[in-house]
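Examining the three-dimensional arrangement
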Amino acid sequence: MKKIINDLSVYISGNNESKTMLFVHGFPFDHTMWQTQVDEFSKDFKCVSYDIRGLGESPAGDGQFTMESFVDDLEAILNELKLNRPILCGLSMGGYISLRALERIQEKFSAAILCDTKSEADNNEGKLKRAAGIKRINKEGLAPFAKDFITNCFGEDFRQNKKINFERIIAKSSQFNPVGVKGSLLAMLSRSDTTMNLGKINIPTLLICGEQDTLTPQSIMKDMFHKINKADFVEVPNAGHMTPIENPQLVNKAIRDFLIKNKL
Ligand code: MLT
């Protein structure tokens, strides 16, 4: 079922009476990034995913986004659907949103699953890279930027052996509203650092990282793992930054084990 909440496209499936898993996608993707997990876990859970403002089918408006406004949107979905302490699952930019949400409103969640993400804010080099991305989109349109960015997100195996899927993902993101994509880049560039809050996370947390993730590598995620009290860490072989798409079986198993272990 699709619902519009706060102008955003929100997708709800599974058992309405069950506990909720709330999925927040990465950049520059949309809610379908989590499709394999939604298909698997909607057998037992209520699954809610949505298109982040400016991406997928959610409108870009004026493109003036911040990580704060992204968390406001997440909270609006929680409130509108009256979700009772869902399990928050975020990948990369969805992880930045999740980490900031855990800093602001941790009590509203029962557990967190953080995939291929980091708590550190962008350093100067990272900020300049984002600015160069915006300049490139203005000059060349969205498609060349999307192609290069998404290519870096996936490991060699997926790019070579799942070529059709890979190209379909690039083609889809290339059609997004450039205003929304640039707005997301600005929101990531200006986000705060949530590292200081990691020690205050006291809900069960699963960290998942692709073996070949070069954007948020394992060394960074292992540092986060050591700082979070009730954390588990799973390395996903044969995957880059997009673990839920690249190795869905293993990601689903890791999530299932985590849910069972924590009686969720
Ligand atoms: C993502 O997958 O959301 C992005 O790689 C995050 C980023 O660019 O920092």
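Residues numbered from 1 in each chain as written. Predicted model: local features only at pLDDT ≥ 70, side-chain atom pairs only at ≥ 80, totals over all residues. Heavy atoms only, no water.

1. So, the site of the ligand
- Near the ligand, the surroundings consist of Gly26, Phe27, Ser92, Met93, Tyr96, Arg130, Phe149, Met188, Leu215 and His241.
- Here an oxygen atom of the ligand and a side-chain polar atom of Ser92 are 2.9 Å apart.
- Here His241 contributes a side-chain N or O atom positioned 3.0 Å from an oxygen atom of the ligand.
- Taken atom by atom, the bulk of the ligand overlaps the largest pocket.
- Grouping the constituent residues of the shell around the ligand by class yields six nonpolar, three polar and one charged. (Near = heavy atom within 4 Å. Polar contact = N/O pair within 3.5 Å; in protein donor to acceptor, adjacent residues only side chain to side chain. 1 Å grid on protein atoms, 1.4 Å probe; cavity = no way out; pocket = protein on both sides within 12 Å on 5 of 7 lines; lining within 4 Å. Sits in = over half its atoms within 2 Å of the grid points. Nonpolar A, V, L, I, M, F, W, Y, C, P; charged D, E, K, R; others polar.)

2. Topic: empty space enclosed by the protein
- Under the criterion given, the structure shown has one cavity of 30 Å³ or more.
- A volume near 50 Å³ is recorded for the largest cavity.
- Surrounding the largest cavity, Met67, Tyr96, Leu99, Arg100, Lys118, Ser119, Glu120, Arg191, Ser192 and Thr194 form its lining.
- With three residues, the top contributor of residues to the lining of the largest cavity is helix H3 (residues 93-105).
- Each residue belonging to the lining of the largest cavity can be placed in one class, and the counts come to three nonpolar, three polar and four charged. (Points joined across faces, edges and corners; volume = space filled by probe spheres on them. Helix = DSSP H or I, 4+ residues; strand = E, 2+ residues; numbered from the N terminus.)

3. Here's the deal with helix H9 (residues 218-227)
- Residues of H9 that are buried: Gln218, Ile220, Met221 and Met224. The arc that holds the buried residues of H9, viewed along the axis, is 160 degrees, so those residues lie on one side. Exposed residues on H9 whose side chains face more than 90 degrees from its buried face are Ser219 and His226.
- Buried residues along H9 sit against H3, strand E6 (111-115), strand E7 (205-210) and strand E8 (231-236). (Buried < 20%, exposed > 50% of the residue type's maximum accessible area, 1.4 Å probe, protein only. Arc of directions from axis to C-beta. Contact = heavy atoms within 4.5 Å.)

4. Things to note about the pairing of strand E3 (residues 20-24)
- When you tally the buried positions in E3, you get five out of five residues, the bulk of the element.
- Burial along E3 is two-sided: Thr20, Leu22 and Val24 facing one way and Met21 and Phe23 facing the other are all buried.
- Sheet topology places E3 next to strand E4 (residues 46-50); five bridges connect them, and they run parallel. By the bridge assignment, Phe23 is partnered in E4 with Ser49.
- Where the polypeptide runs from E3 across helix H1 (residues 35-41) and back to E4, its parallel neighbour, the crossover connection is right-handed.
- Pairing analysis gives four bridges linking E3 to strand E5 (residues 87-91), with the strands arranged parallel. Across the sheet, Met21 pairs through a bridge with Ile87, a residue of E5. (Pairing = 2+ DSSP bridges. Right-handed = clockwise from strand over helix to strand, strands pointing away.)

5. Quick word on the layout of surface pockets
- Counted as a void, the largest pocket has a volume near 720 Å³.
- Looking at the largest pocket, it is lined by 26 residues, and the ones nearest its centre are Gly126, Lys129, Arg130, Phe149 and Leu215.
- Breaking the lining of the largest pocket down by element, the ones donating at least two residues are H3, helix H4 (124-140), helix H5 (142-153) and helix H8 (178-189).
- Looking at the lining of the largest pocket, the element that brings in the most residues is H4, giving seven residues.
- Split into classes, the residues belonging to the lining of the largest pocket amount to ten nonpolar, eight polar and eight charged.
- Estimates place the volume of the second largest pocket at around 360 Å³.
- If you go around the second largest pocket, you meet 18 residues; those closest to its centre are Thr32, Met33, Asn165, Ile169 and Ile245.

So far we have only geometry, and geometry alone does not tell us how the molecule works.
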